[in-house]
Amino acid sequence: MKTAVVIGGGVSGLAAAHYLGKKSNFAKILVLEASSRLGGWLQSIHHPDGSVQELGPRSIRPAGRAGQNTLELVEELNLADQVLWVRAQNRYLYVNGEKCALPNSLGALVKAQKPFSRSFLSYIMKEVFQKRSDEEDESIYDFMERRMGKEMACYAFDPLCRGIFAGDIRHLSMRSCFPELYKLEKHYGSIVKGFLFSPKDKSQITSKLVKKARLERWSTYSFRRGVLQLVNALEESLRQTKGTEIHTDAPCSKLHFTSDGKLVVSVNGEEVKADHVFSSIYAKNLSQILSKDHSSFTSDLRKIPAVNVVVVCVEIAEKLNLIESGFGHLLPSSEDRKVLGVVYDSCVFPQHDRQDIPSSRFTVMMGGAWYEELKGMSDQELQELAISSLFTQMGISGTVSKVKVTLMKECIPQYLVGHHQLLERIFTYIQDRNLPLSLVGSSYRGPSINDCINNARIEVERISKLYC
Ligand SMILES: Cc1cc2nc3c(=O)[nH]c(=O)nc-3n(C[C@H](O)[C@H](O)[C@H](O)COP(=O)(O)OP(=O)(O)OC[C@H]3O[C@@H](n4cnc5c(N)ncnc54)[C@H](O)[C@@H]3O)c2cc1C
Ligand SMILES: C=Cc1c2[nH]c(c1C)Cc1[nH]c(c(CCC(=O)O)c1C)Cc1[nH]c(c(C)c1CCC(=O)O)Cc1[nH]c(c(C)c1C=C)C2
């Protein structure tokens, strides 16, 4: 009877347990979560007035292979009728004290639009004629500046990466953060040529929900009870799976390999012997529980940094008629280093607004790679900075009816230049020694919910072949 232990009950750990239950031969699957709740960074708070406040992620993209995989999971968990979806919405940049819509129409492609001095078409044309680089990796800034020019790097990719990685494009790796774009340059000499000439995915879509999402042109989605509903559904399904156990308040304090090729997990003073362990926790946290005899491995795990993000959810006690409605806006680091961007929550999912009185909800995100500049500020000062930035940038005022400041420590791992070499060393170490250990989670190959779920599936499928 084989036992698999999953360390961490965030979306990656629960997805790994789900696929283990479906696709593997492990008779026993134990999920061990350190805290008293499941979900990790997914935190949807329900208020008595009916509003749903997202402290962490608030939406999931249906696009791409990983997006499709999540939709298949949503369907499998019978959550399809709980989905709230929206079509493409305007996204803005806040530059030189004003909001500029990112191009979303053909007209905008040919006309120069603030803050850009040239049309998007001219950047695209420049990209087509740039020479391919033979660099193994480079920063997103260097890549974009080389292929599309400084304006695209500073006004498009700088804010975009603040809105995905809360990171600095001068240090983030092009190869690891945008592997598809990186490969297009390598194979076709240009991203644009790659888009035009790469073979299109013609695989048959069998999922009804994937078809529906395409047909209705979903851009992003959540659930009636917030993104945590996905975690709750995974939990419910796991609790009904024979041989699977979920334990909260179960921090793994030590992980050591035995001479008979197994792993022993220490939890709350007890030892659990496992045939295979899935670690879904942040790489640095894993390095801290591994025994000392794997120093080069733990040292590489520690080299993956993660940034802190301050999330400030603000509710205004009136329905504001926003001139610029949409998903939200991002600030390039040249505009404001501390404030990353603002999500217009009520525009995206008005279903999550309070039911008793009209209101408008926003989330201000601050810090990230620039967190040092917020260090030492009290919650009150962070709250004041968020509200004043919100009012100025949105050109609004009003009575704040709810506000919540949350510091999310080391929440988004940073794939810095050379990240692929770290991964190569980390995974070779495991492979060469036949260690019964799988690494999933946001530290390695993508931070999005889609990446976390899809990478857990891929790893379970790989491991299942070894234990059949
Ligand atoms: C502010 C913010 C906004 C985001 N927005 C989006 C978005 O809009 N869309 C999107 O797709 N993604 C978004 N993300 C990214 C996404 O939420 C995360 O990358 C993802 O949730 C990571 O999940 P995980 O399971 O890999 O890790 P985690 O959520 O970190 O889960 C790991 C779990 O392991 C537990 N743990 C840690 N140590 C131990 C131990 N020793 N023993 C047992 N358990 C342990 C932790 O308590 C935690 O529950 C956002 C992230 C943040 C922070
Ligand atoms: C301002 C800070 C952040 C905002 N969201 C995140 C941060 C750090 C984290 C985040 N946002 C997205 C993802 C998943 C990426 C994916 O591949 O699915 C993560 C980890 C989604 C996302 N958010 C924005 C963009 C452009 C994307 C990429 C996918 C998509 O097009 O939907 C933009 C954006 N994020 C934030 C704001 C204020 C914002 C504004 C336009 C918040």
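Residues numbered from 1 in each chain as written. Chains lettered and ligands numbered in written order. Predicted model: local features only at pLDDT ≥ 70, side-chain atom pairs only at ≥ 80, totals over all residues. Heavy atoms only, no water.

Some thoughts on the site of ligand 2
- In the region of ligand 2, 18 residues are neighbours, and Arg61, Arg91, Gly163, Ile164 and Val342 sit closest.
- Side-chain polar atom of Arg61 to an oxygen atom of ligand 2: 3.1 Å apart, as the coordinates give it.
- One nitrogen or oxygen atom from the main chain of Gly163 is found 3.0 Å from a nitrogen atom belonging to ligand 2.
- Considered on its own, ligand 2 offers 760 Å² of accessible surface; in the complex 82% of this is hidden by protein.
- Secondary-structure elements contributing two or more residues to the shell around ligand 2 are helix H6 (150–162), strand S15 (328–330) and strand S16 (339–343).
- Per-element tally for the shell around ligand 2: the top contributor is S16, with 4 residues. (Near = heavy atom within 4 Å. Polar contact = N/O pair within 3.5 Å; in protein donor to acceptor, adjacent residues only side chain to side chain. Areas by Shrake-Rupley, 256 points an atom, 1.4 Å probe, with all protein chains shown as cover. Helix = DSSP H or I, 4+ residues; strand = E, 2+ residues; numbered from the N terminus.)

A word on the confidence of the model for the chain
- For the chain, mean pLDDT is 96; residues scoring 70 or higher make up 100% of the total.
- Listed scores for the predicted complex are pTM 0.97 and ipTM 0.98. (pLDDT = per-residue confidence, 0-100.)

Here's the deal with the pattern of salt bridges
- Across all of its chains, the model carries 30 salt bridges by this definition.
- Across the pair Arg354 and Asp356 runs a salt bridge, and its minimum N-O distance is 2.7 Å.
- With a relative accessible area of 16%, Arg354 lands in the buried category.
- What you see here is one network of salt bridges that share partners, running through Glu127, Glu138, Arg146, Arg147, Glu185 and Lys186. (Salt bridge = Lys/Arg side-chain N within 4 Å of Asp/Glu carboxyl O. Buried < 20%, exposed > 50% of the residue type's maximum accessible area, 1.4 Å probe, protein only.)

A word on the site of ligand 1
- If you check the shell around ligand 1, you find 29 residues, and the closest are Ser12, Glu33, Ser59, Pro447 and Ile449.
- Between ligand 1 and the protein, one listed contact pairs an oxygen atom with a side-chain N or O atom of Ser12 at 2.7 Å.
- The separation between an oxygen atom of ligand 1 and a polar main-chain atom of Trp41 is 3.0 Å.
- Coverage of ligand 1 by the protein amounts to 85% of the 1000 Å² it exposes when considered alone.
- Put simply, the parts of the chain that give the shell around ligand 1 at least two residues each are helix H1 (11–23) and helix H17 (449–466).

Topic: the sheet that holds strand S1 (residues 3–7)
- The 5 strands lie next to each other as S9-S2-S1-S13-S19, forming an open sheet whose pairing is parallel. The strands lining the two open edges of the sheet, one partner per strand, are strand S9 (244–247) and strand S19 (437–439). Between one strand axis and the next, the sheet turns through 15° on average, direction left out of account.
- For S1 and strand S2 (residues 28–32), the ladder comprises 5 bridges, and the chain directions are parallel. Within S2, the residue paired with Val5 across the bridge is Leu30.
- The strands touched by H1 within the sheet are S1, S2 and strand S13 (276–279), with S2 carrying the most contacts at an inclination of about 175°. (Pairing = 2+ DSSP bridges. Axes fitted to C-alpha atoms, helices over the stretch in contact; angles between N-to-C directions. Contact = heavy atoms within 4.5 Å.)

Points about the sheet that holds strand S10 (residues 252–257)
- Across the sheet, 3 strands lie side by side as S10-S11-S12; this open sheet has antiparallel pairing. This sheet does not close on itself; its edge strands, each paired only once, are S10 and strand S12 (270–274). The average undirected angle you get between the axes of adjacent strands in this sheet is 20°.
- Here 5 bridges tie S10 to strand S11 (residues 263–267), and the two strands are oriented antiparallel to one another. Along S11, the bridge assignment pairs His256 with Val264.

Re the side chain of Glu138
- If you trace the backbone, Glu138 turns up in the loop between helix H4 (120–128) and helix H5 (140–148).
- A distance of 2.4 Å separates polar atoms of two side chains, one belonging to Glu138 and the other to Arg146.
- If sequence neighbours within four positions are ignored, Glu138 has contacts with Ser133, Phe143, Arg146, Leu172, Ser173, Met174 and Val417.

A word on the domain arrangement of the chain
- Along its sequence, the chain is carved into domain 1 (3–42 + 226–303 + 416–466) and domain 2 (103–197).
- On the side of domain 2, 10 residues touch domain 1, which itself brings 7 residues to the contact.
- Among the residues of domain 1 in contact with domain 2, Leu416, Val417 and His420 are the three that bury the most area, contributing 72% of the side total.
- In this structure, the connection of domain 1 to domain 2 is made through 0 salt bridges.
- At the boundary of domain 1 and domain 2, one finds 4 residue pairs in polar contact (both at pLDDT 80 or more).
- Grouping the amino acids of the side of domain 1 that touches domain 2 by side-chain chemistry returns 3 nonpolar, 4 polar and no charged. (Domains from an automatic or database assignment. Buried area = accessible area lost by both parts, 1.4 Å probe. Nonpolar A, V, L, I, M, F, W, Y, C, P; charged D, E, K, R; others polar.)

Regarding the environment of His18
- By secondary structure assignment, the location of His18 is in helix H1.
- His18 sits in the buried class, given a relative accessible area of 7%.
- In this structure the C-alpha to C-alpha distance between His18 and Glu135, which are 117 residues apart in sequence, comes to 39 Å.
- The contact partners of His18, leaving out residues within four places of it in the chain, are Leu73, Glu76, Leu77, Leu234, Ser237 and Leu238.

Focus: the packing of helix H2 (residues 64–76) against helix H10 (residues 208–215)
- The contact between H2 and H10 brings their axes to 8 Å, and the two run at 125°. Judged by the angle between their axes, H2 and H10 are oblique. In this structure, H2 meets H10 at a crossing whose hand is right-handed. Counting all contacts with H2, which are made through Gln68, Leu71, Glu72, Val74 and Glu75, the residues of H10 involved are Lys208, Leu209, Val210, Ala213 and Arg214.
- A class-by-class count of the residues in the contact of H2 with H10 yields 5 nonpolar, 1 polar and 4 charged. (Parallel < 35°, antiparallel > 145°, perpendicular 65-115°, else oblique. Left-handed = near helix turned anticlockwise from the far one by under 90°.)

A closer look at the pairing of strand S14 (residues 306–316)
- In terms of burial, S14 is a largely internal element, 11 of the 11 residues being buried.
- In this structure, S14 lies alongside strand S18 (residues 400–413), joined through 10 bridges in antiparallel fashion. Looking across to S18, one finds that Val311 is bridged to Thr406.
- Pairing between S14 and strand S17 (residues 360–368): 9 bridges, direction antiparallel. Bridging from a neighbouring strand, Glu315 pairs with Arg361 of S17.

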